[in-house]
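Chain by chain, the residues:
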Amino acid sequence: MMDDTNHNQIAVNILRPKQLTAFSIFSRTWFIEGLLYSTFIALIWTNEEPSKLNTLLAAWSAYGIVAFAMLQGIKARTITNPSKWIRIYFIQSLFLLLVCDFVWLRGTIARTSGSFFDPVRFDYIAARLAYSGLDPRAVALTNHTGTIWYAGFIYWIFGISKFYVVLFNGSFAFVTWILFASTMTEIEGNPRRWQWLRFGALLPDFILYFANITKGPLSAFIIALGIWLIARSTRQKKFFNKSIMLLIPVLMLGLTIRTATSLIVLIVTFIWLWQYSGRQRKTKLIVLFVVILVSGQLVTSSLMKFTGGMDFNYISNLSVLVDPDQRHRVSLDYQASSWNAITESLPAYLMPVGVFIKGLFMMIAPLPINFHLALVFEDVIFSANYGSIVVQQFFQKTNALLFLLSFPLLMTSLFDVYRSNRRLWLMFSITFVILIGFMGFSVFGMIEPRYRAMLLPFWLVVCGIGYYYGKPKRYIMPTAGILAFGALVYLIPKI
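On a predicted model such as this, the values are computed, not experimentally measured, just so you know.

**Re the packing of helix α7 (residues 162–188) against helix α9 (residues 216–233)**
Then, number 1: Following both chains from N to C, one finds α7 and α9 inclined at 20°, their axes separated by 8 Å at the closest point. Taken together, the axes of α7 and α9 lie roughly parallel to each other. Both α7 and α9 take part in a crossing whose hand is left-handed. Together, Asn169, Phe172, Val175, Thr176, Leu179, Phe180, Ser182, Thr183, Glu186 and Ile187 of α7 and Pro217, Leu218, Ala220, Phe221, Ala224, Leu225, Ile227, Trp228, Ala231 and Arg232 of α9 make up the contact between the two elements.
Then, number 2: For the contact of α7 with α9, the residue count by class is 14 nonpolar, 4 polar and 2 charged.

Okay, structure coming up:
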């Protein structure tokens, strides 16, 4: 029999997360531990920096974003063991430091103007923006202005150092996983099941791409924030509730980073809200989406004009996307045996099939064969060629291999969860497949693995759903057969 003292203690423990305040976290062990980790990361940075004080301030500011998200996660009972989350944040920050320092700063092109890889251009334009005092005229007629303004603002506050942007990249990437864990807690109601999502912050793609100035971290964060708002709204009876209204500025922010970011949020919103809508609510939903799509061109043009960016014509880009003859970018060097080129050239009536194949290639590119571990070791240890293509592909191929190994979980999520949990099957398993097809459609030309960063959180959630609600062991042999057949088909154009 439990006495009154024990009952009171349980009540105190239950209420304690709700009683946390912004100031109370300063006495929490996890907060102090994280602050020490952030300080250590700042102190060991030895490359480009205006001063060590600037680096410390940047590291502490980035950690402040993480600490705030952790506080909200603890209050909402999304995070059950904050110390474990903070330790993953430290490991992520350490990896980002090493990759930023060696792979990108020591191993590739320095900050310069010209037609280079996106992060090089973004870095140069962001620095120019900071030097101008955030004058929009300094970045007139440039594209992807959201990323440029994000990095330029950080440069303007803390000084010019790519690592400062990487620190904030890491914080937003980490918060992305907190938001996805919170979304699953909201939908499924069992937070302990989803604590492992914190390891998503260590995915090789996140470490490689987010250690640079790129669209990925902001895109992933905006998508996570969007679906978190949608998950909160699914239980509300009122259609235009606070969560949906807050979604509007999130979509506008996504448009400044990458159009596909907002479109992914819109696709998820439509799928999730549709299944909870009656006939009248579905009509309102259709009207809302038509208004958003029609006004999207005006909003995008206004944002681009305000921030100094180039105009973006939706109709012109859509006409390219639906025309197989135009989807091939003349400026790109297609290999004759490339399945990417084959899927791009399929006739219009086969596009529904081709886009899913191309989207799948994005998730497994480059194919995880020929890891060239000896060359990686030689480039890193003996040649100091940290930014070599084999070193970069080692990260990419590792992530692609993880995706292939997850096939039993993905298959059980598609074929078993339909019977065991129809709600999760529709909200994640089917949604993930649709998003893969959307990415294959929206990106014409060579589809690069860096685009998959926006879908990786969905991928891990779908794997978790397959593990908890299906029987993945039964799909191990079918997976082996599918991979063997896929390898043979892949080799046909190359023989």
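**With respect to the nonpolar core**
Then, number 1: Within the largest apolar cluster, 133 residues are counted, with the highest numbers of intra-cluster contacts made by Trp272, Phe428 and Phe432.
Then, number 2: Per-element tally for this core: the top contributor is α7, with 17 residues.
Then, number 3: Excluding its chain neighbours within four sequence positions, the residues that come into contact with Phe432 are Met363, Phe403, Leu410, Leu455, Phe458, Trp459 and Val462.

**Looking at the packing of aromatic side chains**
Aromatic ring pairs are described here by two measures, namely the spacing of the ring centres and the angle between the planes.
Then, number 1: Scanning the model with the defined rule gives 30 aromatic pairs in all.
Then, number 2: Judged by centre distance (5.4 Å) and plane angle (85°), the rings of Phe180 and Phe458 are edge-to-face. Of this pair, Phe180 sits in helix α7 while Phe458 sits in helix α22 (residues 456–469), placing them 278 residues apart in sequence. Phe458 matches Phe180 in its accessibility class, with the two residues each being buried.
Then, number 3: Geometrically, the ring pair formed by Trp194 and Tyr468 is edge-to-face, given 5.5 Å between the ring centres and 70° between the ring planes. Here Tyr468 lies in helix α22 and Trp194 lies in the loop between α7 and α8 (204–209), a separation of 274 residues in the sequence.
Then, number 4: On the basis of relative accessible area, Tyr468 is assigned to the partly exposed category, the value being 27%.
Then, number 5: Joined through ring pairs, the aromatic side chains of Trp30, Phe31, Tyr63, Trp85, Tyr89 and Phe174 make up one cluster.
Then, number 6: Positioned above the aromatic ring of Phe102, the side-chain terminus of Arg106 is 4.8 Å from the ring centre.

**A few points about the environment of Ser51**
Then, number 1: Tracing the sequence through the fold places Ser51 in the loop between α2 (29–44) and α3 (52–75).
Then, number 2: Separated by 108 residues in the primary sequence, Ser51 and Gly159 place their C-alpha atoms 8.6 Å from one another.

**Let's talk about the side chain of Glu188**
Then, number 1: In this structure, Glu188 sits in helix α7.
Then, number 2: Those residues in contact with Glu188 that sit more than four places away from it in its chain are Arg193, Trp194, Leu424 and Tyr469.

**Points about the environment of Tyr276**
Then, number 1: Considering the arrangement of structural elements, one finds Tyr276 in the loop between α11 (259–274) and α12 (279–307).
Then, number 2: Judged by relative accessible area, Tyr276 falls into the partly exposed class, the value being 27%.
Then, number 3: For the pair Tyr276 and Thr234, spaced 42 residues apart in the sequence, the C-alpha separation amounts to 7.0 Å.
Then, number 4: Excluding its chain neighbours within four sequence positions, the residues that come into contact with Tyr276 are Thr234, Arg281, Arg423 and Met427.

Rules used in this analysis
Residues numbered from 1 in each chain as written. Predicted model: local features only at pLDDT ≥ 70, side-chain atom pairs only at ≥ 80, totals over all residues. Heavy atoms only, no water. Axes fitted to C-alpha atoms, helices over the stretch in contact; angles between N-to-C directions. Helix = DSSP H or I, 4+ residues; strand = E, 2+ residues; numbered from the N terminus. Parallel < 35°, antiparallel > 145°, perpendicular 65-115°, else oblique. Left-handed = near helix turned anticlockwise from the far one by under 90°. Contact = heavy atoms within 4.5 Å. Nonpolar A, V, L, I, M, F, W, Y, C, P; charged D, E, K, R; others polar. Core = buried A, V, L, I, M, F, W, Y, C linked by side-chain atoms within 4.5 Å. Buried < 20%, exposed > 50% of the residue type's maximum accessible area, 1.4 Å probe, protein only. Phe/Tyr/Trp six-rings, centres within 6.5 Å; stacked < 30°, edge-to-face > 60°. Lys NZ or Arg CZ within 6 Å of the ring centre and 35° of its normal.

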